[in-house]
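Here is how the chains run, residue by residue.
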Amino acid sequence: MPGVMSRLTRGRLSALGRAARPLTRGVRYARSFSSQPEAMEFKAETRKLLNIVAKSLYTDKEVFVRELISNASDACEKLRFLQQTGLTDITDSDVPLEISVEADESGRIFTITDTGVGMSREQMIDQLGTIAKSGSLDFVNTAAAGSASADSNIIGQFGVGFYSTFVVADKVQVFSRSADPSLGTGHVWESDGMGSFTVAEADDVSRGTKIVLHLKSDAAEFASQGKVKEAAQKYSSFVSFPLKVKEGGEMQELNKTEALWLKSDTTEDEHTQFFRFLGGTTYGEPLMTLKFSTDAPMSIKSVFYIPKDPPSRWFQKDPEIGVQLHSRRVLVKKHAEGVIPKWLFWLRGVVDCEDMPLNISRESMQDSRLMGKLSNALVRRLLRFLEEQGRKQPENYKTFYNGYSYYLKAGLLDDATSNGGAHKEAIVKLLRFECSQKDQGETVSLAEYLEGIPAAQQNIYYFYASDRGTAMASPYMEFFTKRQRNVLLLTDEVDEFVVNQISDFKGKKMVSIDAADQDFEPLLDAPAEDEASEHKLSAEDKEGFEAWIKGVLEGKIQNVKWSDRLSGSPAVVTSQMSPHMRKMMKGLMAQSGGSNDAFNNLPNTLELNDSHHIVTTMNTIRESNPDVARMAAEQLHDNACIAAGMLEDPRSILTRLNKLLEMCVYQGAGFDYTTGQYTHPPQAPTPEFVVEEIPKKEASSAESKDKPKTD
């Protein structure tokens, strides 16, 4: 440590002073100058750069508050480091290290004060008169040369933060006195940012630095105590030294909340309080908590919370990211876009990177590729944590999944388009689905599904329906129920997009059971042979019936197929695109103003059960009673489309349904459609329903009117 001390004690203190650190407290306001101010010119290139800083560098005016508080924190940190390395003779040694901020609304003045290392006259000229000369960086480099580490708590890097004051002020005064008693009394530096500054001795200045901003008219809001407090809390709630703001005539400490992500030991109650602090509420609890630190690709310390109450899926057009990005405890981004993907917006927490390569305004990272690596590292760790929770605490994970499953599925789709599917495998492991072989409400992962199927099965079967009851009653389930094959039941509107994105899992292909049956592995576990149906169609009957029904349904179907997948249902329809996917795509096309014709006219195949009594009976009457057979064939197709969810508007079949209802009623009354006569006369209505008696002479005509039309 002697080598360090030789650099850091009073003879060298001037070389380690605070670069461009506009700062804060402990300095008593200087009321007079003890010498005439010495006027000096900024260099020509400095004037141009100052103009750029004041007009173009920062996107938010309030960032100057962050910059000044960060500078003040650095000034205090430098002095603390010097004290820890042996410096004992300092100015105002009894004054504690702290930062204070005040505002004078009537005078339109903003003041920030620190009790840190302070500056001498030479340091003011050298550092405040030269943009992009960082005294903090010089301090760190000098300390490192002496084998001492001083950089872990030093914030400043570029030496431009001080000049953000000219974004909001038309005159800036800096009163400062060095902590080294040998460097003399205090001085005042003053400039309007237009090309020159003055430096003069000042009386009654304590150790540290006080910066007084005479605010522009369009920045008068920063003379309000409320606005100052809000900005200070937003950016600098976790600086290492007490940060005070005058409120109600007294100085109140703002940063009492600890930077929990930096603590090695934390309690559940501390996490609850910090979770509420991040959300700006006095209620709510985290369902899950993750603390994470790593040194690759950067030095990261973070804490994440999953709220117990999931966000509403409605009215969330462009939700803000709930994770904050910090660098050395100072807020860089309140909403860490680019680091946390949009689909994780519901996550709360803090990510703090010590060695983050920030741009000069400290509002974003310089290296977008490094930012991508940082994002991937954080997301991978979070997904691995959720996978661990699913194994170790299944009930807690079930609660999480019930509330957040939609966002995981959205994440799978978003990751595929925006990140090349980097997290696909990890997200797929987190998904859960109901299935046909478990009770309602019970779910399985894809890995658990594979554990329960025959080793030779090459597919993972799934079916989309609006609810479990509809799925289990569907004719598409018959083939799989009969063979006791497990089917994943999808009921979320995005599920079909999700399984299409998954495509396969551990070499097993995802296959929808309402697709064509060539992928159903019929020989894998064929059921025991059923008794032969007495009315099963012959090959000749099939050929004739197929040609006939193709003619009846011309334009509605592309092909007719005799299927083995059906047992209790007469027919199903299949298509190249599943019915639900077709519906979703039509909805997307409608939203974008496109035409739905391509989806309306997708060809479908009618698959028939050759032993079902409706089909065999229809075959017997297609020649003897062609009108009824034709009507039945059309209704058979419509019923199959309803089962598949492909009938857009059921009202289109009401006319035919009413006709079929009429036929049932008349047949129930004894009417024989083959002869067009009643097998026995209809019974007269009961007296209470008689309105008027039909005259005898009209009886014959009334009887003819009772006969239904068959056309």
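Up top is the structure these notes are about.
Remember, predicted model here, so these are calculated numbers, not experimental data. (Residues numbered from 1 in each chain as written. Predicted model: local features only at pLDDT ≥ 70, side-chain atom pairs only at ≥ 80, totals over all residues. Heavy atoms only, no water.)

Help me out: how do you make sense of the overall build of the chain in this one?
Check the secondary structure of the chain and you find 23 helices and 24 strands. By residue count, 48% of the 711 residues in the chain fall in the buried class. Across the chain, every contact between residues at least 6 apart in sequence was considered, and the portion connecting residues at least 24 apart equals 74%. For the chain, the exposed area adds up to about 34100 Å²; of that, 48% sits on carbon and sulfur atoms. (Helix = DSSP H or I, 4+ residues; strand = E, 2+ residues; numbered from the N terminus. Buried < 20%, exposed > 50% of the residue type's maximum accessible area, 1.4 Å probe, protein only. Contact = heavy atoms within 4.5 Å. Areas by Shrake-Rupley, 256 points an atom, 1.4 Å probe, with all protein chains shown as cover.)

Any chance you could explain the pairing of strand E13 (residues 330-333) here in plain terms?
On a regular strand, each side chain points to the face opposite its neighbour's, so the side chains alternate between the two faces of the sheet. As paired elements, strand E12 (residues 323-327) and E13 share three bridges and run antiparallel to each other. Residue His326 lies in a different strand from E13, and its bridge partner there is Leu331. Once E12 ends, the chain turns through two residues before running back antiparallel as E13, passing Arg328 with a positive phi of about 55 degrees. (Pairing = 2+ DSSP bridges.)

How should the nonpolar core be read in this particular structure?
Across soluble globular proteins, nonpolar side chains show a tendency to be buried alongside one another. One finds Ile340, Trp346, Leu378, Phe400, Leu488, Ile549 and Leu606 to be the most contacted residues of the largest nonpolar core, which totals 100 residues. Element by element, the count of residues in this core is highest for helix H10 (residues 368-392), at nine residues. For Trp346, the contacting residues outside a window of four places in its chain are Ile306, Pro307, Pro311, Phe400, Tyr404 and Tyr407. Core analysis: the next-biggest nonpolar cluster, separate from the first, contains 54 residues, Leu79, Phe162, Val167 and Ile211 among them. (Core = buried A, V, L, I, M, F, W, Y, C linked by side-chain atoms within 4.5 Å.)

Which parts of the structure should I look at to understand the sheet that holds strand E11 (residues 300-307)?
Whenever strands of a sheet pair, they do so through backbone hydrogen bonds, lying parallel or antiparallel. With mixed pairing, the five strands of this open sheet are ordered in space as E10-E11-E14-E12-E13. Looking along the sheet, the strands with just one partner apiece sit at the ends: strand E10 (286-294) and E13. Across this sheet, the average inter-strand angle for adjacent strands is 25 degrees, counted without regard to direction. Most of the contacts of H10 go to E10, to which it runs at about 135 degrees, and overall it touches E10, E11 and strand E14 (348-353). (Axes fitted to C-alpha atoms, helices over the stretch in contact; angles between N-to-C directions.)

What is the right way to read the environment of Lys301 from this model?
With respect to the helices and strands, Lys301 occurs in strand E11. The sequence separation of Lys301 and Arg328 amounts to 27 residues, and the corresponding C-alpha distance is 9.8 Å. If we skip the residues at most four places from it in the chain, Lys301 touches Trp261, Leu262, Phe292, Ser293, Val350, Val351, Asp352 and Glu354.

Can you walk me through the packing of aromatic side chains in this structure?
For any pair of aromatic rings, the description consists of the separation of the ring centres together with the inter-plane angle of the planes. For the coordinates displayed, the defined rule picks out 26 aromatic pairs. Between the aromatic rings of Trp261 and Phe274, the centroid separation amounts to 6.0 Å while the plane-to-plane angle is 50 degrees, which identifies the pairing as tilted. A residue pair is termed long-range when its members are at least 10 positions apart, and Trp261 in the loop between strand E9 (250-253) and helix H9 (268-279) and Phe274 in helix H9 qualify at 13 residues. Residue Trp261 is classed as buried on the basis of its relative accessible area, which comes to 4%. With relative accessibility at 2%, the residue Phe274 sits in the buried group. Consider the rings of Tyr406 and Tyr407, whose centres lie 5.6 Å apart with planes at 85 degrees: the pair is edge-to-face. (Phe/Tyr/Trp six-rings, centres within 6.5 Å; stacked < 30°, edge-to-face > 60°.)

How should the packing of H10 against helix H11 (residues 394-418) be read in this particular structure?
In a packed pair of helices, the relevant descriptors are the angle between the two axes and the axis-to-axis distance. Two elements in contact, H10 and H11, have axes whose closest approach is 6 Å; the angle formed by their N-to-C orientations is 125 degrees. The angle between H10 and H11 places the two elements in the oblique class. Read as a crossing pair, H10 and H11 show a hand that is left-handed. Between H10 and H11, the residues in contact are Leu386, Gln389, Gly390, Arg391 and Lys392 and Pro394, Asn396, Tyr397 and Phe400, respectively. (Parallel < 35°, antiparallel > 145°, perpendicular 65-115°, else oblique. Left-handed = near helix turned anticlockwise from the far one by under 90°.)

When you look at the pattern of salt bridges in this model, what are you seeing that I'm missing?
Side chains that differ in charge, positive against negative, can pair when their charged atoms come close. According to the stated counting rule, one finds 25 salt bridges in the structure shown. One salt bridge in this structure joins Glu270 and Lys263, with 2.8 Å as the shortest N-O distance. On the basis of relative accessibility, which here comes to 22%, the residue Lys263 falls in the partly exposed class. Here Glu546 makes a salt bridge to Lys550, at a shortest N to O gap of 3.7 Å. Here Glu546 and its partner Lys550 are both found in helix H17 (residues 539-552), four residues apart, which amounts to about one turn of the helix. With a relative accessible area of 21%, Glu546 lands in the partly exposed category. Through salt bridges that share partners, Glu62, Glu221, Lys227 and Lys234 make up one connected network. (Salt bridge = Lys/Arg side-chain N within 4 Å of Asp/Glu carboxyl O.)

Function cannot be inferred from these measures alone, as they are strictly geometric.
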